[in-house]
Every structure is written in C-alpha cells, then in structure tokens.
Amino acid sequence: MDQDFGRDVISITNEEGEEFELEVLSSVTYKGAEYLALTPADADEDTDELEVNILKTATDEHGEPILVVVDDNEELETVYDLLMENLYDEDEDDADEDADSED
C-alpha cells in the first residue's frame, strides 16, 4: 500500500473542466501574494526531470481562491529564485534533522 505521509497534494480543475492532482513542493509569499511550486502528484519519482509549474494564488470575481499563471517574466524569475532558495533551505533542514537523529 502506498502512503504519502507529509505530501501536500491539491486538486484543481482547469477551464475545460479537467481535474488534476498536484503536489505542492514549496510555497513563498512575494509582494503580498502566495506562489506555489507544483508538480503532477502522479509523476514518476524515478525520472531525472521533474515537471514543475509555478502558479500564483488569486481570487476570482466570486471571491473564490484560484491559481493563475504568472505572465511577467521578471516576476516569474524572482519567484523562481525565492522558491529554489526555500527548497534548498528545506533540504538542508531535513539533512540537519537526520544528522541530529543519528547522534
């Protein structure tokens, strides 16, 4: 039985009504908005290349939360760098915790 403890998976529906499950790899707040680094939840863990999408949280005209594509390249690059820093810091923290638990 597969169990994914600790995985943060969200389900989204695109404009065509197709539903997708995405794993949240990291999130960061930039200029008051939250950005998510997402990958398909069913992605092959053994692959060397991981498909990662960066989406921005927003609200629609009904006040419902939605995820939108980041169109501005400069904004996207800045958020990408912040997300990668965040992922790198999380990996270092995990390694430190593993080292502490071995003592």
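Residues numbered from 1 in each chain as written. Predicted model: local features only at pLDDT ≥ 70, side-chain atom pairs only at ≥ 80, totals over all residues. Heavy atoms only, no water.

Draft legend 1. Unusual backbone geometry, seen in detail. Phi at Lys 31 is positive, roughly 50°, even though this residue is not glycine. With respect to the helices and strands, the residue Lys 31 is situated in the loop between β2 (19–30) and β3 (33–40). (Helix = DSSP H or I, 4+ residues; strand = E, 2+ residues; numbered from the N terminus.)

Draft legend 2. Geometry of the pattern of salt bridges. Scanning all chains against the criterion turns up 1 salt bridge. Put simply, Lys 56 and Glu 75 hold a salt bridge, and the shortest N to O gap is 3.4 Å. Taken together, the positions of Lys 56 in strand β4 (residues 53–59) and Glu 75 in helix α1 (residues 73–102) put the pair 19 residues apart, joining distant regions of the chain. Judged by relative accessible area, Glu 75 falls into the buried class, the value being 18%. (Salt bridge = Lys/Arg side-chain N within 4 Å of Asp/Glu carboxyl O. Buried < 20%, exposed > 50% of the residue type's maximum accessible area, 1.4 Å probe, protein only.)

Draft legend 3. Seen up close, a negative patch on the surface. A cluster of acidic residues, Asp 71, Asp 72, Glu 74, Glu 77, Asp 81, Glu 85 and Asp 89, forms a negative patch on the protein surface. You can see Asp 71 is positioned in the loop between β5 (65–69) and α1. (Patch = residues over 30% accessible without salt bridge, like charges linked within 9 Å, V, L, I, M, F, W, Y side chains within 5 Å. Areas by Shrake-Rupley, 256 points an atom, 1.4 Å probe, with all protein chains shown as cover. Lys, Arg positive; Asp, Glu negative; His and termini not counted. Charge placed at Lys NZ, Arg CZ, Asp CG, Glu CD.)

Draft legend 4. Looking closely at the sheet that holds β4. The 5 strands lie next to each other as β1-β2-β3-β4-β5, forming an open sheet whose pairing is antiparallel. The strands lining the two open edges of the sheet, one partner per strand, are β1 (9–13) and β5. If you compare each strand with its neighbour and ignore which way they point, the axes differ by 50° on average. As paired elements, β1 and β2 share 5 bridges and run antiparallel to each other. Bridging across to β2, Val 9 finds its partner in Glu 23. (Pairing = 2+ DSSP bridges. Axes fitted to C-alpha atoms, helices over the stretch in contact; angles between N-to-C directions.)

Draft legend 5. Looking closely at the layout of surface pockets. Of the pockets and cavities examined, the largest pocket occupies roughly 440 Å³. Taken together, 17 residues line the largest pocket, and the ones lying closest to its centre are Ile 12, Asn 14, Phe 20, Leu 22 and Leu 55. At the level of secondary structure, the elements contributing two or more residues to the lining of the largest pocket comprise β1, β2, β3, β4 and β5. Classifying every residue of the lining of the largest pocket by side-chain character gives 10 nonpolar, 3 polar and 4 charged. (1 Å grid on protein atoms, 1.4 Å probe; cavity = no way out; pocket = protein on both sides within 12 Å on 5 of 7 lines; lining within 4 Å. Points joined across faces, edges and corners; volume = space filled by probe spheres on them. Nonpolar A, V, L, I, M, F, W, Y, C, P; charged D, E, K, R; others polar.)

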